[in-house]
Each structure stands twice: as structure tokens, then as C-alpha cells.
There are 2 protein chains.
Amino acid sequence: MEITLAQAAARLRQMEDVGILVHENPDGDCIGSGYALLLALRALGKRARVLCSDPIPEKFRPYLPEEGEAFEPAHYVSVDTATPALLGRYGDLAEKVEVCIDHHPSNSSYARETVVQPEAAAVCEMIFSLVEILGVSCTRPVATCLYIGLITDTGCFQFSNTTAHTHRVAAALMEQGVDYATLNRLFFSTKSRARLRIEKCALENLEFFEGDKLAITAITLAMKAAAGADDGDLEGVTPIPRQIEGVEIGVTLREKAPDSWRVSVRTNSIINAAEVCAQFGGGGHVRAAGCRMEGPLPQVKAALVEVCAQYLRR
Amino acid sequence: MEITLAQAAARLRQMEDVGILVHENPDGDCIGSGYALLLALRALGKRARVLCSDPIPEKFRPYLPEEGEAFEPAHYVSVDTATPALLGRYGDLAEKVEVCIDHHPSNSSYARETVVQPEAAAVCEMIFSLVEILGVSCTRPVATCLYIGLITDTGCFQFSNTTAHTHRVAAALMEQGVDYATLNRLFFSTKSRARLRIEKCALENLEFFEGDKLAITAITLAMKAAAGADDGDLEGVTPIPRQIEGVEIGVTLREKAPDSWRVSVRTNSIINAAEVCAQFGGGGHVRAAGCRMEGPLPQVKAALVEVCAQYLRR
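None of the values given here were measured: they were computed from a predicted structure.

Visitor: Could you clarify how one ought to interpret helix α6 (residues 180-188) of chain B in this entry?
Guide: Each α-helix winds once per 3.6 residues, and so residues spaced three or four apart point in a common direction. Residue and element names in this part refer to chain B. Of all the residues in α6, the buried ones are Tyr180, Ala181, Leu183, Asn184 and Phe187. The buried side chains of α6 occupy one side of the element, clustering within an arc of 165° when seen end-on. Looking at the buried positions of α6, the neighbouring elements they touch are α4 (140-154) and α5 (164-174).

Next up, the structure:
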């Protein structure tokens, strides 16, 4: 059932011992919204934990609250998680999720009650409002979590999902003393040497199709190992193909297991990336979507080129 | 004499046929504030022209108003221009400048009357207020000029000069229908294929010294030619060495003529880049400075490593 943020706030008030589920391969927005909600619930005197199928990447740690004591949640909520599959090893808990707070239009309504605001650039915008509705103070730690979600989901206010409201939320968060310049540098202007090595691979493997409107690059397990790169380093590669002058669709293939590929599709202004990925059983947003594909690289690439070409020729 | 923005607005109201001076090597902020002011003055029924010692780069053109008929200005104002020297070939007009609107604390007060707001991330923030004071509508073309200034002077809201006010101005501008996603992409996420080729060269040539605290890369004339890169493409390479995790000094050498090098030094948090460059007759800011060096690459590099090592070991 669809509910409003105010109704979600009312439900949260009645919960004790809350497990906050976030999606696997956690990004800044699910981490930021998860931990901001944790802090808000703690401020209301409740126990709360964030549960994620994968470890929270190290670079977020200095900006997040302590985990606190372990406990068995009596209630579950989820943030930024469109489907049960995205809960990874916590997938079994999907049916126990009472409230889901999300901004993906593709949300499968798996939770008992769901708030979806597709116009929110980041779920952190929604949590900002929720914190206000809950009457909890948006302290510096809360604001820091929320700011991380804003900048990571908008590419530091660059992407088309950014709205005037996003900027007003950023202004309010900055007034709480968020160390925004350090965070911006950490997320947008600091690269590990492994990341540079993998970027070089990505540049070397760039291929162009359809009159240079489609650019595809691939990172194999062997390249990843040779570069000493981790998944975070690889994440930094996905924007590269779309950035090239004249490119409309930028695709990055990352080999997750032998001949098993995580495909990231980014588009500039015409093509719906979610539609492209839906052809392969995936989904996402209009300008950024993903899917999984199986098979040898040339075969996977050919299938992608064929589908992308259909969209580009329309 | 120091005046307020309201006083500046009063002066502008009394002027006809206004020449708006901006600094040489024009950037997004002086262009954006110059043309936004031009539009505001035209909306008040006045003639206005922007005067710049150098051509306005092509990529700005689609977002700027038409030049309109030529005329001999009866009054001069300047924006974002701290000293007469920065007016280039219009330097002689400095003594005729009646009002200067600027955010550089180093402004030399060359104008008859000056408004300086060092807390403004961009002069465009000041022009946004000025437009309001003048009672002129902040139309989409005005908002577009101002948004360009905001994003180019703050690295799209990344740099430490960004304030909550900057974000609120951005929100107001976006509500006027600025095509912000296209502008952000144009200025921050579009790379020519030549630029990618030269970035790959820069990554291949990266060398580390002093326990990886010093990173140096070099672009030779031969590489530039092979990549088909222009000076703008090369400009994009200078931030790379400093971005690397653990690096304190990032140096980029660009060969301008055989064995003649333009050296760009970028530092992160400890070393004064201007001091380093002063050792070679150059200068600049604390975190970004430059100098020229002559000689074969290995020799030039060795000299740089020696000096940088002295600073890093202090």
C-alpha cells in the first residue's frame, strides 16, 4: 500500500528495535539514508541497526555513527531498495518489511507499506523531510549522512535528477556544519592508484559503435586483479563512456564471475537507460540503469550493441 | 570608494550606453556576470556591451545573448576584475570604470566605486542580488548566465567557497528553467576523444617519488600531436596527479616548445605551491601555481624532484 512520509513517520514512532535494510553493493544514498534514519530513531530513544548484505565501504566509515550493541530487530524497514532481490542475503526478510522508503519508480511494492517519491534525487531528500516530521533535530552527524546521499546520487548536483529542492536541502544541511568540501573531495576528487590503473584499462578498451553514439568498455576479472582494484575503484569507471563528446549511450561491463557481467548503462539525453536494461531483465532510472548478462564478452557485447542500435535508430 | 550593491544599482540606473568590462582569459564567472548584467541593463531600456580583451570561448556562445549593435560606451563598469592589468588591451579604460563589482579580496580599488564581497563564491551571486534590486525579472537567459558563473567558480558546488547561499541562488535559478543538466555536462562531464587520449598518456607517464607523496607526469609535443589534443584538452590533465590518494604534490609538465616546459604544481594540504614554483621563477596560489623550465625532460624532472623533496621533508 502506498503511504505518505507523514504516515511512515507515524509507523516509525510506534516501532522499537528497528532493523533498517539497505541494498547490496551499498552506495552513498542507501548508506546515508540508512544511517540518518538510524540516528533519528536513536534520538527518539529506540534501538536501530543498519543491515546490509555487503560490507559498508571503508571510506564512508569516518562519517557514520557507531554500530552500537547488536539486537534482534522486532521491526524491519527498508530504504532505497526497489526489490527484495536487492537485499541480497537478507532477501528472506523482505516479507517482514513494514515500511519501505524509496525513490525508484520501479519499486515492486514488496513492503507492507511503501513511500515512493520518484522526483526525489536521493532518498536522503526524503529522510531529510522525515527527520523534520519526526521532530528530531537535524544534527551535524545526521546532516553529514544526508549530504553524502545527496552528492553521491546527483554526482555533486550535476545530474538531471537534481532539483531546486535538492539545492535547498543541501543549503539546510550545510548550515548544520557539514564538512562538505572534504566530502566532495573524498567522493569526487580522490582516486586510488588502483583506480587510475583500472581507468587506464577502461580507456584502452573503449569501443565505439553506431557513428560513435554508443561507447562500450569492459573490465575483466583479470584486469581487475592486475590493477589490484576493488569494486569501489570499478564504480568510478562507469561514468567514463558517457562523458565522451557525441556519445548518447555509454556502457560499462564488469566481469563479476567468469563470463558473468554486471552491465551499467548511462545515457545523455534521448534514450531511456531503464528501457534498454529491461530488455535484459534489468532496470533502474532514465539516465542510469543496469542489468546482468551471461556469456563470453564478444557475445554479450554484440547483444548489447544490437539492442542499443535499435534505440539509437528510432 | 566602497559602496553597497544597492548603491551600485542606483548608479547603474543613471547610466546609458554602458560598457561592461570583464577580465582577460575570460572564465564562466566573468562571462556569466557580464552578460547577465548586460541583459538586466537592456531590460531597463539601456544599451550595453560586454568588452573582453580575449575572445569569448565558443562553448559559451549558445547560452549568451546576441551582441547587438555596436556603440561607443558613455559609461564603464567592470565585473570579476581585480586589477587594471587583468583588462588586457582594455587596460587604458580602467580609470574610466565608475563601478566595479567583484569578489576578489585582492581588488585594487581602481574603480571610482567598488563593491567587493569576498564571501560570494562567484560574482554571479552578487549579480543575482543586483538584478533583484534593479527590479528586473530574472528571466531564463539571465538565470542561465548566472548559473554558468556559479558552477564554473565552484567546480559544480564542490569547492570550499560554496556556501548555503550559493545553493539557494542555484535553486532560484533552476526554477527559471535553466537547462542545468546540459550545462553541467558541458562544463564537467564532456571530454573530447583527444582529451581521453591525452589523459591516457598522462596516466601512462605518471611517476611517483618521495614515498608516493610526489606524483609527476609529462605531456610532450609528440604526445600532444599524436593525440590530436589542443591546449584545452591539456588543461584537463593538470588536476590528475594531485587527485591520487596519498599524493601531496602533483606536478604536470607540458612541453610548449622543444625542451621548454610549462610546469603546473598542485598541492593538497601542506605545501605552498607558489613557494615551490618561486624556486624556478614562477608563482601563483597556495594550492595551484606554475613556472617555466628549460632543458631535457629527465633533467627538468630531477630538478623538480629535488626541490619538492626539500619541502616534503621539512
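Visitor: What am I meant to see in the sheet that holds strand β2 (residues 48-51) of chain A here?
Guide: Sheet strands line up and pair through hydrogen bonds in the backbone, either parallel or antiparallel. All names here are of chain A. If you trace the five strands from one edge of the open sheet to the other, you get β2-β1-β3-β4-β5, paired in parallel fashion. In this open sheet, the two edge strands, each paired with only one partner strand, are β2 and β5 (113-116). The sheet shows a mean angle of 20° between the axes of neighbouring strands, direction not considered. Where strand β1 (residues 18-21) lies against β2, four bridges are found, and the strand directions are parallel. Bridge pairing in β2 links Leu21 to Leu51. Packed onto the sheet, helix α1 (residues 5-14) meets β3 (75-79), β4 (97-102) and β5 and runs at close to 135° relative to β5.

Visitor: Any chance you could explain the relation of the copies chain A and chain B here in plain terms?
Guide: Superposition of the two copies of the chain requires a rotation about an axis together with a shift along that axis. For the pair chain A and chain B, the superposition axis carries a translation of 0.5 Å, the fit reaches an RMSD of 2.9 Å, and the rotation angle comes to 179°. Here the two chains are linked by the operation of a two-fold rotation axis.

Visitor: I'm lost on the confidence of the model for chain A in this one. Help?
Guide: When pLDDT is averaged across chain A, the result is 96; 100% of the residues are at 70 or more. Model confidence for the complex is summarised by a pTM of 0.87, with the ipTM given as 0.87.

Visitor: Explain the pattern of salt bridges here, please?
Guide: Between side chains of opposite charge, pairing is possible as soon as their charged atoms come close. Enumeration according to the criterion identifies 28 salt bridges over all chains in this entry. The shortest N-O distance in the salt bridge between Arg193 of chain A and Asp212 of chain B comes to 2.7 Å. Remark: Asp212 of chain B occurs in the loop between β6 (207-209) and β7 (214-219) and Arg193 of chain A occurs in helix α7 (residues 193-204); the pair is interchain, linking two chains. Two residues, Lys224 of chain B and Asp231 of chain B, come together in a salt bridge whose shortest N-O distance is 3.0 Å. When salt bridges with common partners are traced through the structure, they connect Asp17, Arg47 and Glu69 of chain A into a single cluster.

Visitor: What is the right way to look at the side chain of Thr252 of chain B in this model?
Guide: Along the chain, the position of Thr252 of chain B falls in strand β8 (residues 249-257). If we skip the residues at most four places from it in the chain, Thr252 of chain B touches Thr217, Val237, Thr238, Pro241, Arg262, Val263 and Ser264 of chain B.

Visitor: I'm lost on α5 of chain B in this one. Help?
Guide: With nine of its 11 residues buried, α5 of chain B lies for the most part within the structure. Within α5 of chain B, the full set of buried residues consists of Ala164, Thr166, His167, Val169, Ala170, Ala171, Ala172, Leu173 and Met174 of chain B. Next to the buried residues of α5 of chain B lie α5 (164-174) of chain A together with α3 (123-134), α4 and α6 of chain B. For α5 of chain B, the N-terminal cap is Thr163 of chain B; the gap from its side-chain oxygen to the backbone nitrogen of His165 of chain B is 3.2 Å.

Visitor: I would appreciate a short explanation of the packing of aromatic side chains in the present structure.
Guide: How two aromatic rings sit relative to each other is set out by the distance from centre to centre and by the angle between their planes. Under the counting rule described, the total for this entry stands at five aromatic pairs over all chains. Residues Phe60 of chain A and Phe187 of chain A carry aromatic rings whose centres are separated by 5.2 Å and whose planes lie at 45° to one another, so their mutual orientation is tilted. Residue Phe60 of chain A is found in the loop between β2 and β3, and its partner Phe187 of chain A is found in helix α6 (residues 180-188); the two are separated by 127 residues along the sequence. The same class applies to Phe60 of chain A and to Phe187 of chain A, which are both buried. Among the aromatic residues, those joined into a cluster by ring pairs are Tyr147 and Phe157 of chain A together with Tyr147 and Phe157 of chain B. The cationic tip of Arg193 of chain A hangs over the ring face of Phe208 of chain B; the distance from NZ or CZ to the ring centre is 3.4 Å. Between Arg314 of chain B and the ring centre of Tyr311 of chain B, over which it is positioned, the NZ or CZ distance is 4.4 Å.

Visitor: Can you help me understand the pairing of strand β11 (residues 288-294) of chain B in this one?
Guide: Residues and elements named next belong to chain B. Only one face of β11 is buried: it carries Ala289, Cys291 and Met293, and the other face, with Ala288, Gly290, Arg292 and Glu294, is open. Strand direction decides the pairing type here: strand β9 (residues 260-267) and β11, joined by seven bridges, are antiparallel. Opposite Arg262, over in β11, you have Arg292 as the bridge partner. Relative to β11, strand β10 (residues 283-284) runs antiparallel, the two sharing two bridges. Considered in β11, the bridge of Gly284 is made with Ala289. Hairpin connection of β10 to β11: three residues between the antiparallel strands.

Visitor: Hey, could you run me through the sheet that holds β11 of chain B in this one?
Guide: All names here are of chain B. Strand order in the open sheet formed by six strands is β6-β7-β8-β9-β11-β10, with mixed pairing between adjacent strands. The strands lining the two open edges of the sheet, one partner per strand, are β6 and β10. Contacting β6, β7, β8, β9 and β11, helix α12 (residues 297-313) runs over the sheet at an angle of about 155° to β8.

Conventions used here
Residues numbered from 1 in each chain as written. Chains lettered and ligands numbered in written order. Predicted model: local features only at pLDDT ≥ 70, side-chain atom pairs only at ≥ 80, totals over all residues. Heavy atoms only, no water. Buried < 20%, exposed > 50% of the residue type's maximum accessible area, 1.4 Å probe, protein only. Helix = DSSP H or I, 4+ residues; strand = E, 2+ residues; numbered from the N terminus. Arc of directions from axis to C-beta. Contact = heavy atoms within 4.5 Å. Pairing = 2+ DSSP bridges. Axes fitted to C-alpha atoms, helices over the stretch in contact; angles between N-to-C directions. Least-squares fit on C-alpha atoms with pLDDT ≥ 70 in both. pLDDT = per-residue confidence, 0-100. Salt bridge = Lys/Arg side-chain N within 4 Å of Asp/Glu carboxyl O. Polar contact = N/O pair within 3.5 Å; in protein donor to acceptor, adjacent residues only side chain to side chain. Phe/Tyr/Trp six-rings, centres within 6.5 Å; stacked < 30°, edge-to-face > 60°. Lys NZ or Arg CZ within 6 Å of the ring centre and 35° of its normal.

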